[in-house]
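Remarks on the overall topology
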Amino acid sequence: MYMPEGALSSDRIICLGVVDAPDAEGPLAGRTPRLSPIIRCEPDGLELNRPCILRIPHCAFVKNGQTDIDVYYGQTQSDRIEWNNVPFGASATMKSSHFEVVVKKLGLIGLHAADHPDMRKRLSVVPLISRLTDDTDTLTVSVWFYNDEDTEHKILMHNEVSRSGRILLHQPESFTLERMKKSMYLDVRSTNIHCTLPEEERRIEINQEALWLQGRYRIDLHLGITDKTDEIGLDISSLYWWKRTNHFHFKINKRMKELRTESHPQNSPPVETPQHKDMMTSFRDLRLNLSRCITADTAEHLSRKMGLNKKTTSEIKHSKEPAILLLDTLIDSSLISMTHLSPLEKALVENSNEAAATLVQEFRKNNRTSYLWNT
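Residues numbered from 1 in each chain as written. Predicted model: local features only at pLDDT ≥ 70, side-chain atom pairs only at ≥ 80, totals over all residues. Heavy atoms only, no water.

Some remarks on the sheet that holds strand 3 (residues 47–57)
Pairing within the open sheet is antiparallel, and its three strands lie in the order 3-8-7. For this open sheet the edge positions go to strand 3 and strand 7 (91–94), each flanked by a neighbour on one side alone. Along the sheet, successive strands turn relative to each other by an average axial angle of 15 degrees, direction set aside. Where strand 3 meets strand 8 (residues 98–105), seven bridges bridge the pair, whose relative direction is antiparallel. If you follow Arg-55 over to strand 8, its bridge partner there is Glu-100. (Pairing = 2+ DSSP bridges. Helix = DSSP H or I, 4+ residues; strand = E, 2+ residues; numbered from the N terminus. Axes fitted to C-alpha atoms, helices over the stretch in contact; angles between N-to-C directions.)

In structure tokens:
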């Protein structure tokens, strides 16, 4: 982000982040290709005296300088985003590796690029596997496809490896997706007699429409294990059958004991950068202190109050750390953030939880210094 001199009338905290909720949909979802992440600029709704410039990465091969890009502003409604194509002085141009977006109002920003006949997408693919336990006879191998740009990679690794504890089986490979003309298949073969795959999972048609229209797409394979002292062996590939070359090809050999004990990389959340280290430290303290003030019943009430669905609310209530899961879910759903805690504070006050509400108020009071996150 480039913020020119005079854009702000007074010192403000300006924060820039990526909406990483897996079900968050951009504008015109399902009709045009998803090429870039959804960006949150805060404080939400702040109008600038002079426009700022955002550089948002994309994964498309298009003509440099394409200008038929629509800028949408979003409002979080319960567990979804409502998009409005109101310009507010916004415009965007597509460069070779990023969109250059001019905005005068902060908030949720999503982009729509016209679908050209000669457009292509850069995609990455990576295989991850669940952890092996004593009572496990089946391991799930998830083959993830995602837009080939650094932000999407960091989000996926953070959600699937750092948070969920899955193990990386192979480094990602990249390929180019052209318009949907030919069928595309995932071919999977076990190279170890102690690992078996269902017949229907040895050749799977890949949903090219999902690859084209979504930022992330997953195929799950179910690997039966008959000897937990051996190793897994897999050959996973996808062939350009008309070119006789591979989109990608993974040859995987992994010892079983590594699936039990291998330490997975602890990726930092995408929002953490050196520029706001002090604020992040303070926010972590707030998160910990709130966990001591919010009971399971209170977490359930707050979940409903903040518009989370019944399934998520139940998972939060029955979690070992309901307050922590509640806060993480609200952040992932973009319902709250470091600079957007007023909805949580209001819900705590209405719940008569004065101790927790005071903690939020103190955090907001102590973090009002001028702040700019440049990317």
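Remarks on the side chain of Asn-159
By the element assignment, Asn-159 lies in helix 1 (residues 150–163). Note on Asn-159: relative accessible area 13%, which makes it buried. Apart from residues no more than four positions distant in its own chain, Asn-159 is found in contact with Asp-20, Ser-164 and Arg-216. (Buried < 20%, exposed > 50% of the residue type's maximum accessible area, 1.4 Å probe, protein only. Contact = heavy atoms within 4.5 Å.)

Some remarks on the packing of helix 8 (residues 342–350) against helix 9 (residues 354–366)
The relative placement of two packed helices comes down to the angle between their axes together with the axis-to-axis distance. Across the interface, helix 8 lies against helix 9 with an axial gap of 8 Å and an inter-helix angle of 150 degrees. Considered as vectors, helix 8 and helix 9 are oriented roughly antiparallel to each other. The handedness of the crossing between helix 8 and helix 9 is left-handed. Along the contact surface, helix 8 presents Ser-342, Leu-344, Glu-345, Leu-348 and Val-349, while helix 9 presents Ala-356, Ala-357, Val-360, Gln-361 and Arg-364. Here the residues of the contact of helix 8 with helix 9 sort into six nonpolar, two polar and two charged. (Parallel < 35°, antiparallel > 145°, perpendicular 65-115°, else oblique. Left-handed = near helix turned anticlockwise from the far one by under 90°. Nonpolar A, V, L, I, M, F, W, Y, C, P; charged D, E, K, R; others polar.)

Re the sheet that holds strand 16 (residues 203–205)
Strand order in the open sheet formed by four strands is 16-14-18-19, and the pairing between neighbours is antiparallel. Looking at which strands have only one partner, the edges of the open sheet turn out to be strand 16 and strand 19 (245–255). In this sheet, adjacent strand axes meet at a mean angle of 15 degrees when their direction is disregarded. Where strand 18 (residues 231–240) meets strand 19, ten bridges bridge the pair, whose relative direction is antiparallel. If you follow Ile-232 over to strand 19, its bridge partner there is Lys-254.

Considerations on the pattern of salt bridges
Opposite charge on two side chains permits pairing when their charged atoms draw close. Scanning all chains against the criterion turns up 16 salt bridges. The salt bridge partner of Lys-305 is Glu-350, with a shortest N-O separation of 2.8 Å. One end of the pair, Lys-305, is in helix 5 (residues 296–305); the other, Glu-350, is in helix 8, and 45 residues separate them in sequence. Accessibility expressed as a relative area gives 47% for Lys-305, which makes it partly exposed. Accessibility expressed as a relative area gives 42% for Glu-350, which makes it partly exposed. Connected through salt bridges with shared partners, the residues Lys-254, Arg-255 and Glu-258 form a single ionic network. (Salt bridge = Lys/Arg side-chain N within 4 Å of Asp/Glu carboxyl O.)

Some words on empty space enclosed by the protein
Throughout the structure, instances matching the rule amount to one cavity of 30 Å³ or more. Here the largest cavity defines a volume of roughly 50 Å³. Along its surface, the largest cavity is lined by Phe-283, Leu-286, Arg-287, Leu-290, Leu-327, Ile-331, Ile-336, Leu-341 and Leu-344. Only helix 4 (277–293) and helix 7 (322–332) provide two or more residues apiece to the lining of the largest cavity. With four residues, helix 4 is the largest single contributor of residues to the lining of the largest cavity. (1 Å grid on protein atoms, 1.4 Å probe; cavity = no way out; pocket = protein on both sides within 12 Å on 5 of 7 lines; lining within 4 Å. Points joined across faces, edges and corners; volume = space filled by probe spheres on them.)

A short note on the environment of Asp-328
Tracing the backbone shows Asp-328 in helix 7. By relative accessible area, which is 18% here, Asp-328 ends up buried. Between the C-alpha atoms of Asp-328 and Arg-287, which are 41 residues apart in sequence, the distance is 9.1 Å. Residue contacts for Asp-328: discarding those within four places in its chain leaves Arg-163 and Arg-287. A polar contact is formed between the side chain of Asp-328 and the side chain of Arg-287, at a distance of 2.9 Å. (Polar contact = N/O pair within 3.5 Å; in protein donor to acceptor, adjacent residues only side chain to side chain.)

Brief notes about the environment of Thr-133
With respect to the helices, strands and loops of the structure, Thr-133 is situated in the loop between strand 10 (120–129) and strand 11 (138–147). C-alpha separation for the pair Thr-133 and Lys-228, spaced 95 residues apart in sequence, amounts to 9.4 Å. If we ignore the near neighbours within four places in the chain, the residues touching Thr-133 are Lys-228 and Arg-260.

Re the pairing of strand 18
A regular strand carries its side chains on alternate faces of the sheet. Most of strand 18 sits out of view: eight of its ten residues are buried. With four bridges joining them, strand 14 (residues 185–190) and strand 18 adopt antiparallel strand pairing. Bridged to Ser-190 within strand 18 is Leu-234.

Considering the packing of helix 5 against helix 7
Two elements in contact, helix 5 and helix 7, have axes whose closest approach is 9 Å; the angle formed by their N-to-C orientations is 20 degrees. Our classification of the angle between helix 5 and helix 7 gives roughly parallel. Handedness of the crossing formed by helix 5 with helix 7: left-handed. Across the interface between the two elements, Ala-296, Ala-299, Leu-302 and Ser-303 from helix 5 touch Pro-322, Ala-323 and Leu-326 from helix 7.

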